[in-house]
Amino acid sequence: QVHLMESGGGSVQPGESLRLSCAASGDIVAISAMGWHRQAPGKLREVVAGITYAGSTNLAESVKGRFSISRDNQRNTVYLQMNNLNPEDTGVYYCFAEVQGGPDQKWDSYWGRGTQVTVSS
């Protein structure tokens, strides 16, 4: 079994910052891409950021200049630093990872359960 656990969500005011973390654990052989999606109330889930094992990153246009993504391969953990948050960033943030693991050691996509981020004055 492979599990992803997010942490770091919360309620903040516009202009403030949050740092999300997501740790992968379990029967892991290797992890390639990791990243974050989010889902705002009444909207479809959207990609926020992704990062390869080597550290190449991509960010959604709506968060460029405000968010950054990083990872610690030794800890199987991905981070999302979110600065200058605004109400449009409100939503549930889900981490994902492409993992080789489990009893059959196959590559598969795994998701965390999500962490709530609320930006409101």
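Everything below is about the structure shown above.
Can you walk me through the packing of aromatic side chains in this structure?
Between two aromatic rings, the relevant description is the distance of the centres plus the angle of the planes. In this structure the tally under the stated criterion is one aromatic pair. Ring geometry for Phe96 against Trp111: centres 5.5 Å apart, planes inclined by 45 degrees, an arrangement best described as tilted. In this pair, Phe96 sits in strand E9 (residues 91-101) while Trp111 sits in strand E10 (residues 106-111), placing the two residues 15 residues apart along the sequence. For Phe96, a relative accessible area of 15% corresponds to the buried category. Here the basic side chain of Arg45 rests over the ring of Tyr94, its NZ or CZ set 3.7 Å away from the ring centre. Directly above the ring of Trp111 sits Arg45, whose terminal nitrogen or CZ lies 5.1 Å from the centroid.

Conventions used here
- Along each chain, numbering runs from 1 in the same order as the chain's sequence is written.
- Totals for whole chains, interfaces and linings use every residue, but because this is a predicted model, local features are given only for residues with pLDDT of at least 70 and side-chain atom pairs only at 80 or more, for both listing and counting.
- The side-chain figures draw on all heavy atoms in the structure; neither hydrogens nor water molecules are used.
- Between the rings of Phe, Tyr and Trp (Trp by its six-membered ring), a pair exists once the centres lie within 6.5 Å; its type follows the angle of the planes, with under 30 degrees stacked, over 60 edge-to-face, and the other angles tilted.
- By definition, any uninterrupted DSSP run of H or I lasting at least four residues is a helix, any uninterrupted run of E lasting at least two residues is a strand, and each is numbered from the N terminus.
- Type-normalised accessible area, obtained with a 1.4 Å probe on protein chains alone, sets the label of each residue: buried when under 20%, exposed when over 50%, and partly exposed for intermediate values.
- Charge-over-ring contacts are defined here by two conditions on Lys NZ or Arg CZ: a distance within 6 Å of the ring centre and an angle within 35 degrees of the ring normal.

Worth remembering: the numbers are spatial, not functional.
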